[in-house]
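# Structural description and commentary
The lines below spell out each chain.
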Amino acid sequence: MLDGDCRNSMHGEMKAPPDTPPESRGSALDVMRECTLQAACLSWGRVRSSRRTVGRNIQSSARPTDPTVNKLGSSDGIARVEYLLHHRHMKQMHKTRNSLPQATRARVEVILNQSLADLNDLYSQTKQAHWNVRGPHFYSLHKLFDDLADSVEAHIDPLAERIVALGGVANGTVRQAAARSALTEFPTERGEGLAYVTALVERFAQCGAAARKGIEDTAAIGDADTADMLTGLSQDLDKSLWMLEAHTKP
Ligand SMILES: [Fe+2]
């Protein structure tokens with residue numbers, strides 16, 4: 001699964017963490033559905049060019065006696081690859097005494113790493129607007145954009161640390177944000193203040209919707225603490241959106 005698919009899967013239906021192993025939950029398609037989210041996000045940096053190529057590599061390195069893999073028929077190649085990717089992800093997590101199930105923590109890691117990429121991107125785009133805005137309302141917009149960037153930045157560090165606290169790895173570099181963010185690039189042409197406001201409205205609204213979806217998803221899989229963290233983010237994004245939309249015509 002490629003990057004775009006992965007981002008889309010973030011907004012798909014989330015299920016409660018399975019309390020039975022995949023092999024006892026029915027068909028290969030069921031296994032594939034359960035593992036798709038984790039597999040997709042594991043594959044961000046590694047399954048870019050060819051799913052089949054990666055699949056061959058992973059299957060060749062898999063334990064040949066894995067019972068679930070052996071139950072999947074030769075026509076279940078995708079399910080096989082995604083199951084193995086999912087378990088590779090689980091193995092790579094840090095050990096922790098955190099009482100949340102590992103499957104839950106693995107899913108939350110995926111959700112929060114997407115939020116981390118989006119927020120790093122949103123922060124840099126808001127600073128871009130802060131630096132380059134011109135026009136008759138220059139100073140008020142220059143100041144507003146800086147305040148909004150600060151508001152976004154305040155959530156980045158706690159969010160990244162939550163990922164690591166759950167046993168995951170925070171993917172927080174500029175390059176990782178650029179590769180994984182769901183936001184489109186900020187317009188590079190010169191514009192008056194209102195054009196910058198409009199561009200930021202679109203992006204803050206997008207991040208706000210993703211945060212709300214993240215609240216639903218993390219609550220549904222039993223991580224109330226992350227849902228609470230995302231609720232704070234959602235509230236601040238909604239407030240920022242209001243500040244921006246107040247500059248536009250009703
Ligand atoms: Fe500044």
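What you see is a predicted model, and the numbers here were worked out from it, not measured in a lab.

Of regular secondary structure, the protein possesses 10 helices and zero strands. The secondary structure elements of the protein, listed N-terminal to C-terminal, are α-α-α-α-α-α-α-α-α-α. Here the protein holds 250 residues, and 39% of them are scored as buried. Expressed as a percentage of contacts within the protein between residues at least 6 apart in sequence, the contacts between residues at least 24 apart total 77%.

Take the packing of helix 7 (residues 138-165) against helix 10 (residues 224-245) next. What describes two packed helices is the angle between their axes and the distance between those same axes. Contact geometry for helix 7 and helix 10: axes closest at 11 Å, N-to-C directions at 170°. Between helix 7 and helix 10, the angle is such that the two are roughly antiparallel. The segment helix 7 lies against helix 10, with Leu144, Leu148, Ser151, His155, Pro158, Leu159 and Arg162 engaging Thr226, Met229, Leu233, Asp236, Ser240 and Met243. Across the contact of helix 7 with helix 10, the residue classes break down as seven nonpolar, four polar and two charged.

The next thing to look at is the nonpolar core. Among the nonpolar cores identified, the biggest contains 38 residues, and Leu119, Phe145 and Cys207 are the most heavily contacted of them. Those elements giving two or more residues to this core turn out to be helix 6 (102-132), helix 7, helix 9 (193-220) and helix 10. For this core, the leading source of residues is helix 6, giving 11 residues. Leave out the neighbours within four places in its chain, and cysteine 207 touches Asp118, Leu119, Leu122 and Leu237.

Assignment of secondary structure puts histidine 247 in the segment after helix 10. The exposure class assigned to histidine 247 is partly exposed, which follows from the 17 C-beta atoms found within 10 Å. In this structure, the C-alpha to C-alpha distance between histidine 247 and glycine 193, residues 54 residues apart in sequence, is 9.7 Å. Not counting residues up to four positions away in its chain, the partners in contact with histidine 247 are Leu194 and Val197.

On average, residues of the protein carry a pLDDT of 78, and 66% of them reach 70 or more. The lowest-confidence element of the protein is helix 1 (residues 3-10), averaging 38 in pLDDT; the highest-confidence one is helix 10, averaging 98. This model gives residues 1-66 a pLDDT under 50, and the stretch forms 89 contacts once residues within four places in sequence are excluded.

Moving on, we come to helix 10. The end-to-end C-alpha separation of helix 10 is 31 Å, in line with the 32 Å expected for 22 residues at 1.5 Å each. Looking at helix 10, one finds that the buried residues are Thr226, Met229, Leu230, Leu233, Ser234, Leu237, Ser240, Leu241 and Leu244. Buried positions in helix 10, seen along its axis, are confined to an arc of 140° and lie on one side of it. Facing away from the buried side of helix 10, by more than 90 degrees, are the exposed residues Ala224, Asp228, Gln235 and Trp242. Buried residues along helix 10 sit against helix 6, helix 7 and helix 9.

Here helix 7 spans 42 Å end to end across 28 residues, near enough to the 40 Å set by a 1.5 Å rise per residue. Turning to helix 7, its buried residues number three or more, namely Leu141, Leu144, Phe145, Leu148, Ala149, Val152, His155, Leu159, Ala160, Arg162 and Ile163. Buried positions along helix 7 lie against helix 6, helix 9 and helix 10. One or two residues past the end of helix 7 sits glycine 167, with phi positive at roughly 100°.

What follows is about the packing of helix 6 against helix 7. Across the interface, helix 6 lies against helix 7 with an axial gap of 8 Å and an inter-helix angle of 160°. With respect to helix 7, the axis of helix 6 lies roughly antiparallel. Seen from above, helix 6 lies across helix 7 with left-handed handedness. Within the contact of helix 6 with helix 7, the residues separate by chemical class into 14 nonpolar, seven polar and five charged.

Topologically, leucine 141 is positioned in helix 7. Each C-alpha atom of the pair leucine 141 and alanine 129 lies 8.7 Å from the other, and the pair is 12 residues apart in sequence. When neighbours within four sequence positions are excluded, leucine 141 is seen to be in contact with Val133, Gly193, Tyr196 and Val197.

Attention now goes to the environment of serine 240. For serine 240, the position within the fold is in helix 10. Residue classification places serine 240 among the buried positions, given that 24 C-beta atoms sit within 10 Å. Separated by 32 residues in the primary sequence, serine 240 and glycine 208 have C-alpha atoms spaced 9.6 Å apart. The residues touching serine 240, leaving out its near neighbours within four places in the chain, are Leu148, Ser151 and Phe204.

What counts, and where the lines are drawn
- Residues numbered from 1 in each chain as written.
- Predicted model: local features only at pLDDT ≥ 70, side-chain atom pairs only at ≥ 80, totals over all residues.
- Helix = DSSP H or I, 4+ residues; strand = E, 2+ residues; numbered from the N terminus.
- Buried ≥ 20, exposed ≤ 12 C-beta atoms within 10 Å, placed from the backbone.
- Contact = placed C-beta atoms within 7 Å.
- Axes fitted to C-alpha atoms, helices over the stretch in contact; angles between N-to-C directions.
- Parallel < 35°, antiparallel > 145°, perpendicular 65-115°, else oblique.
- Nonpolar A, V, L, I, M, F, W, Y, C, P; charged D, E, K, R; others polar.
- Core = buried A, V, L, I, M, F, W, Y, C linked by C-beta atoms within 7 Å.
- pLDDT = per-residue confidence, 0-100.
- Expected span 1.5 Å × (residues − 1).
- Arc of directions from axis to C-beta.
- Left-handed = near helix turned anticlockwise from the far one by under 90°.

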